[in-house]
Structures are given as structure tokens and as C-alpha cells.
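Working through the structure, step by step
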Amino acid sequence: MGEFRKNRWLNRFAIFSAVATWFLIGLGGLVTSHEAGMAVPDWPTTYGYNMFLFPPSQWIGGILYEHSHRLLASFVGLLTTILAIWLWLTEDRRWLRWLGVAAFLAVVLQGILGGLRVKLMIDQLGIFHAALAHVFLVLLCFIALVTSRAWEPVRFTGWSVPGATVSLIWIATGLIFTQLVLGASMRHQHAGLAVPDFPLAYGQLWPSTDEVFLEKINRERIDPLEPNPIRASHIHLHMTHRLGALTALSVVVALAWRTRRSVMGTAPVRRYAMGLLVLMVIQAGFGAWTVWSNKAADVATVHVLLGATGLVAASLTGVLSARSGVLARIGSSRAPFVRNVGVKINGENLAANTL
Ligand code: HEM
Ligand code: HEM
């Protein structure tokens, strides 16, 4: 029996866990955007209460975001624990069992990072918390993918992605992740509006950062959300994020173009590449809108969520493409014995399911 048919409910559970995590990232984004990280100053208690018994009548203002973020995080922690145990008990692939353990450790670390962010009041911890959140989401989505029907070797019949295209997908994934880290640094260093106009920057292609200019913009800026003065490093960070967006977009355009013209033009990777391109263009639009809207919380949060979605889309496309290449190589080296990898050939179990 195929892995998927054996473990159909496990796969559904993995998908559910990933979707819950996506919403959790959105809720976390709202916590940051509403500057509500310190609305609940204690942890793991909530204003001295056991967090699960904190009275709903007191879920007001920033507390609503921070407390519900903690509750949803606990729920995701529970889901991940069940997923890890389920994988450990039922999964034949050893590496996948350990991946479940890795997801469990990641969610524990993530919870601790969130708690330390509150206890130690270090803004910078929010950057690690944000980056790990995205990595964790990718991990859960990967588990959902490899337990799904889409992972079965037979699904890859007729498509094999050239190595150079796979490399391009990985480059795009790396660039999107870099954008997430730069974006999170910007958010947690309050540099989101260090450059308040777009597409130009203070009316120029690249703004000046000398003392006189900084003095002038800080004098003219009245923004209760951003009480700290703008420093040159804030402007550099912000501009690097914009340049990064341009680079990531160019690579995704190149990828879409390449797969469009490739002899494997009918392969699903072409659709994925086009989807990624559309997603990234919308993402850049939301980035611009974040600036134009003076960092409206909902707009910035959609920008965070689309960033997470883009990372998942790019990395899973990379994984599927790499797998198609591996399966094609195995298939061609074993031909004419093999039509469908994953069966016994010459007494040796090729077991594509273990890949
Ligand atoms: C599975 C577990 C968790 C995930 C996936 C997660 C995810 C996130 C994300 C994505 C953000 C937004 C970061 C950004 O926009 O840059 C965030 C913010 C935050 N999270 Fe979590 N979180 C988790 C658990 C926790 C826990 C247990 C706490 C406990 C207190 C916590 C406290 C916070 C705080 C205080 C912020 C705001 C940080 C700031 O404004 O600097 N998180 N979280
Ligand atoms: C297309 C590629 C882009 C990607 C993948 C991307 C990704 C992200 C992510 C994930 C965050 C939040 C990180 C976190 O805290 O978790 C962020 C923040 C931000 N991004 Fe982008 N971004 C892109 C393009 C842009 C563009 C073109 C702009 C236009 C200026 C922009 C402006 C911003 C701003 C201002 C923030 C900080 C928002 C705040 O402080 O609340 N982004 N970006």
C-alpha cells in the first residue's frame, strides 16, 4: 500500500497544522504591527493567571493580540507534538520520523524565544522569532508534502526539471528568505518608515545619509509610532530590502521565463513558477502599500503572510523539482527494467518511497 493511502489522515493532520501555523504567523504579525508585544508583561502566565484561564473580559486592546497569539501558539505546539508522535509511531521513512522530532524541537524553541522576547524585552529577539516562524512553517508544509499523494513517484512521470532550473529555484528561495530576515530586522528595528516614499527614496534614487540630512529629516518627522530617531543604518536596511525585492523579483521572472521556454514546458514546474511570479508581484505591491499606508497594521501583516507563502511556494517547488530530477535519473539508469520506480528490481528494492 502507498504511504499516502496508509497515512491519509496523517497527511490531513499535517496540512491542518501547517494552515494553523500560517494563521499564527498572521496573528504574530498583528502583535508586532500593533506594538502589542509587551501588552502582556509576564510569561508563561498572563497577568498572573494560568494563561488558559485568563478571563475573556480582559482580552482588550493590545492584550487581545498578544494573548490570543499565545493561545494559538499553544494549540500549534499541541498539533506539532501529536504530529511528531504520529510520525514516529507510523512512518516507515526514518528521516521523516526525525523530521517530526525536528518540528517538535523547533516549536518548543519558538515558544521559548517568544517568551524570552517578553521577559528580556529585547526587540532583536523578535527577528529570530520571526525567522524561525517561517522556517517552521516550511518544515510543516514539507511534512505535509512528503506524506501526500503528490510525493508518490508515479506523480512525477513525464516531468524532469533541468539542474540549472532547480538551482534557479533554490536561488529564488534563498533570496525570499533573505527578504524575510531583512523585513523582520526592519520591523523590529523600527525602520519600516525610515524611507517614507516609494518608488523614490526622499525624492532620490538612493537617499543621502549624512549627518545634516539625518538631522533635517528627524526634525521634520512627527510620528508617534516611531519615536526613535532615524539613523543611517535604518535607511541602509530599508533600501537593502528594496534592492533585495528587485533582485528576488528578477530571479523569479528569469525562472518563469526559463520554464516557459524549456523543453519540459508542460511540466507542472512551469505553473508553479508562474504562480510564484504572480505572488511575488503582489507581494512587492503590498510592500509598497505598507509604505504608502504609513505601515497600516493589516497591510503590513498581509505583507508578512504573503512573504511566508512565497517562501513555502518557492521551497516546495524546489523540493519537487529536485525530486523529479532524482527520479528521472534513477528511472533512466534502471531502464528498461523500470517504468515506475519504487518497485523491486533485480532483487534490490529501489524504494522511491524512502527518498
Ligand atoms: C509556534 C509558536 C509561535 C509562532 C509560529 C510565532 C510566530 C510569531 C510571528 C510570525 C510573529 C511576528 C514577527 C514579525 O512580524 O516580525 C510573532 C510575534 C510575537 N510573538 Fe510569537 N510565535 C509563536 C509563539 C509565541 C509564544 C509562545 C510567545 C510567548 C510570549 C510569543 C510571543 C510573541 C511576541 C511578544 C511577539 C511580538 C514581537 C515583537 O513585537 O517584537 N510567540 N510571533
Ligand atoms: C517582493 C519581495 C518582498 C518580499 C519577499 C518581502 C518580504 C517582507 C517580509 C516577510 C516582511 C516582514 C518580515 C517579518 O517581520 O516577519 C517585510 C517587511 C517590510 N517590507 Fe517587504 N518584501 C518584499 C518587497 C518589499 C517592497 C518592494 C517594499 C517597498 C518598500 C517592502 C517594504 C517593506 C516594509 C516597509 C516592511 C516593514 C513593515 C513594518 O515595519 O511593519 N517590501 N517584507
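A quick note: this is a predicted structure, and the numbers were derived from the prediction, not measured.

Okay, the side chain of T317 next. Looking at where T317 falls in the secondary structure, it is placed in helix α10 (residues 297-334). On the basis of relative accessibility, which here comes to 8%, the residue T317 falls in the buried class. Leaving out residues up to four positions away in the same chain, T317 has contacts with I169, V269 and Y272.

Right, let's get into the packing of aromatic side chains. Within this structure, the stated rule accounts for 11 aromatic pairs. Their ring planes at 75° and their centres at 5.6 Å tell us that Y49 and F54 sit as a pair that is edge-to-face. Ring centres of W88 and W98 lie 5.0 Å apart, and the angle between their planes is 85°; this geometry places the pair in the edge-to-face category. Pair noted here: W88 is in helix α3 (residues 62-90) and W98 is in helix α4 (residues 94-120), with a separation of 10 residues, a long-range link.

In this structure, H241 (NE2) and H303 (NE2) serve as the protein donors to the iron atom of ligand 2, at separations of 2.0 Å. Coordination at the iron atom of ligand 2 is octahedral: its six donor atoms span angles of 87 to 180° at the metal. Residue H241 is located in helix α8 (residues 232-261), and its partner H303 is located in helix α10; the two are separated by 62 residues in the primary sequence. Each member of the pair, H241 as well as H303, carries the same accessibility label: buried.

Before going further, it helps to spend a moment on the pattern of salt bridges. The full count for this structure, using the stated rule, is five salt bridges. Residue D123 is joined to R117 by a salt bridge in which the shortest nitrogen-to-oxygen separation is 3.1 Å. Judged by its relative accessible area of 26%, D123 falls in the partly exposed class. Between R219 and E215 there is a salt bridge; the shortest N-O distance is 3.1 Å. Separated by four residues within a single helix, R219 and E215 lie in helix α7 (residues 211-220), roughly one turn from each other. The class for R219 is exposed, based on a relative accessible area of 57%. Residue classification places E215 among the partly exposed residues on the basis of a relative accessible area of 47%.

Rules used throughout
- Residues numbered from 1 in each chain as written.
- Chains lettered and ligands numbered in written order.
- Predicted model: local features only at pLDDT ≥ 70, side-chain atom pairs only at ≥ 80, totals over all residues.
- Heavy atoms only, no water.
- Helix = DSSP H or I, 4+ residues; strand = E, 2+ residues; numbered from the N terminus.
- Buried < 20%, exposed > 50% of the residue type's maximum accessible area, 1.4 Å probe, protein only.
- Contact = heavy atoms within 4.5 Å.
- Phe/Tyr/Trp six-rings, centres within 6.5 Å; stacked < 30°, edge-to-face > 60°.
- Donors = N, O, S within 2.8 Å, 3.2 Å for Na, K, Ca; no water.
- Tetrahedral: all angles 85-135°; square planar, octahedral: opposite > 155°, others 65-115°.
- Salt bridge = Lys/Arg side-chain N within 4 Å of Asp/Glu carboxyl O.

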